[in-house]
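For reference, the chains in residue letters:
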Amino acid sequence: MANEVAKTAPGGTHETQTTYAKEVVALARLECNIYNDFREDGVKNDATGLVKIPTRNAEVKVSSYDVKNGIELTQSATEYVDMPMDKHYGVNELIDGYEAEAVPDDLVAQRLESAGESLGKKHEEDAIAVLKDEGTTSADTTAITEANAYKTIAKEVKNMKARGMKVANMRIAVSADVELALLTDDKFANTAGTLGETLVREGVIGKINGVAVKPNYLMGDEVDFIIYDTRFTQKHEAWEVEPKINPLADGKHIGSSALQGRSVGGLKVTNALGVQVKLNATTTE
């Protein structure tokens, strides 16, 4: 671990790191299957605390060009959706028996790994909740089985395409039960060989109608699968207080320190038709 020599311990050989933000974020992203797909197209307004996300009300029109008469001028507008920064996260992990400048590197690494995993899980749970709350719930209440899993998802993908969603931008997140059902389908299994290294690293296990499929085990029993176009899933995150090892001066702990940090973020679906949620029939009856 690349550390900066502690300036608080003259002559000492122990090294301490001044900031751990990058390490925590990198570790957190390993846990974020869906959250990583959210885009960050917005710009934060420090005065209001809101993130302005640009959205178009129509695509640019392409017409035939007349060399003599030119072409009619068309217009489409870019609107901005406000996303509040209302997701607050904090880390305050006690490191007992070590002053801040003397915490062993292996203990710091352990705390960073734990903080990253916990933060990643929280990000993922919040991203799933936003997709469920702000997306479109499928009217299909058919129970998923090995016999119909592939066909049911393919039908929903077709509906998404009809809405103008792009295959390259779409992802399908499936529950553990639906993943198991898909793996028994030869049509789905045959797509695994065409994924490529990048998709495999992202956790993709196959494709349906050209759309990448990723299992997610945090969606709970209520959800079978979620299809989402990443253009309409937005996030923003920032550290309000970057994580670092701080001495504890609370009048209770002696010679101890803590890994402390605080971040804030926002999540939003900017087009409900860009997210399709298929609920589990047995949990919605």
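Note that the structure is predicted; figures quoted are calculated from it, not measured.

Here we take up the overall build of the protein. Of regular secondary structure, the protein possesses seven helices and 14 strands. Per-residue burial for the protein yields a buried fraction of 40% across its 285 residues. Considering only intrachain contacts with a sequence separation of at least 6, the fraction spanning at least 24 residues in the protein is 77%. Approximately 15,800 Å² of the protein is accessible, and the part contributed by carbon and sulfur atoms is 50%.

What follows concerns the pairing of strand β11 (residues 223–229). Extensive coverage of β11 is indicated by the burial of seven of its seven residues. Pairing between strand β8 (residues 170–174) and β11: five bridges, direction antiparallel. Of the residues in β11, the one forming a bridge with R171 is Y228. Examined bridge by bridge, β11 and strand β14 (residues 275–279) share five bridges and lie antiparallel to one another. Bridged to I227 within β14 is Q276.

Here we come to the sheet that holds strand β13 (residues 257–269). Taken in spatial order, the three strands make up an open sheet running β6-β13-β12, and their pairing is antiparallel. The sheet is open, and its two edges are formed by β6 (87–95) and β12 (233–247), each paired on a single side. Taking each pair of neighbouring strands and ignoring which way they run, the sheet shows an average axis angle of 10°. Pairing of β6 with β13 involves nine bridges; the strand directions are antiparallel. Of the residues in β13, the one forming a bridge with E93 is L259. This element, helix α2 (residues 105–134), spans β6, β12 and β13 of the sheet and lies at about 20° to β13.

The strand order β7-β14-β11-β8-β10-β9 describes an open sheet built from six strands, whose pairing is mixed. Edge positions in the sheet fall to β7 (136–137) and β9 (206–208), since each of these pairs with one other strand and no more. Direction of pairing for β7 relative to β14: parallel, over a ladder of two bridges. Across the sheet, the residue bridging to T136 is Q276, located in β14. Of the strands in this sheet, β7, β11 and β14 touch α2, which is tilted by about 85° from β11. In the packing of helix α3 (residues 149–162) onto the sheet, contacts are made with β8, β9, β10 (211–215), β11 and β14, and the angle to β11 comes to roughly 30°.

Looking now at the packing of aromatic side chains. The geometry of two aromatic rings is summed up by the distance between their centres and the angle between their planes. For the structure shown, the criterion picks out zero aromatic pairs. Against the face of Y150 rests K187, its NZ or CZ located 5.0 Å from the ring centre. Over the face of the ring belonging to Y35 we find K235, whose NZ or CZ atom lies 4.2 Å from the ring centre.

What follows is about the environment of I53. Note that I53 resides in strand β4 (residues 50–56). Through-space distance from the C-alpha of I53 to that of V43 is 6.8 Å; in sequence the pair is ten residues apart. Sequence-distant contacts of I53, defined by excluding residues within four places in its chain, comprise G42, E79, Y80, V81, M83, Q234 and T270.

Turning our eyes to something else, we now look at the nonpolar core. Ranked by size, the top nonpolar core spans 21 residues in total, and within it I153, I172, V174, L182 and I208 carry the most contacts. Mapped by element, the contributors of at least two residues to this core are α3, β8, α4 (176–183), β10 and β11. With six residues, α3 is the single largest residue contributor to this core. Membership of the second largest hydrophobic core comes to 17 residues, among which are M219, I226, L267 and V277.

To continue, consider the pattern of salt bridges. When the charged atoms of two side chains with opposite charge come close together, those side chains can pair. According to the stated counting rule, one finds eleven salt bridges in the structure shown. The salt bridge partner of E93 is R111, with a shortest N-O separation of 3.7 Å. Taken together, the residues E93 in strand β6 and R111 in helix α2 connect sequence positions 18 residues apart. Taking relative accessible area as the criterion, E93 reaches 40% and is therefore assigned partly exposed.

The subject of this paragraph is the packing of α3 against α4. Close contact between α3 and α4 brings their axes to 8 Å; oriented N to C, the two are set at 110°. Considering the angle they form, α3 stands roughly perpendicular to α4. Here A149, Y150 and I153 of α3 come into contact with α4, specifically with V178, A181 and L182. When the residues that make up the contact of α3 with α4 are grouped by side-chain class, the tally is six nonpolar, no polar and no charged.

Calculation notes
Residues numbered from 1 in each chain as written. Predicted model: local features only at pLDDT ≥ 70, side-chain atom pairs only at ≥ 80, totals over all residues. Heavy atoms only, no water. Helix = DSSP H or I, 4+ residues; strand = E, 2+ residues; numbered from the N terminus. Buried < 20%, exposed > 50% of the residue type's maximum accessible area, 1.4 Å probe, protein only. Contact = heavy atoms within 4.5 Å. Areas by Shrake-Rupley, 256 points an atom, 1.4 Å probe, with all protein chains shown as cover. Pairing = 2+ DSSP bridges. Axes fitted to C-alpha atoms, helices over the stretch in contact; angles between N-to-C directions. Phe/Tyr/Trp six-rings, centres within 6.5 Å; stacked < 30°, edge-to-face > 60°. Lys NZ or Arg CZ within 6 Å of the ring centre and 35° of its normal. Core = buried A, V, L, I, M, F, W, Y, C linked by side-chain atoms within 4.5 Å. Salt bridge = Lys/Arg side-chain N within 4 Å of Asp/Glu carboxyl O. Parallel < 35°, antiparallel > 145°, perpendicular 65-115°, else oblique. Nonpolar A, V, L, I, M, F, W, Y, C, P; charged D, E, K, R; others polar.

By themselves, these are just geometric observations and shouldn't be taken as functional.
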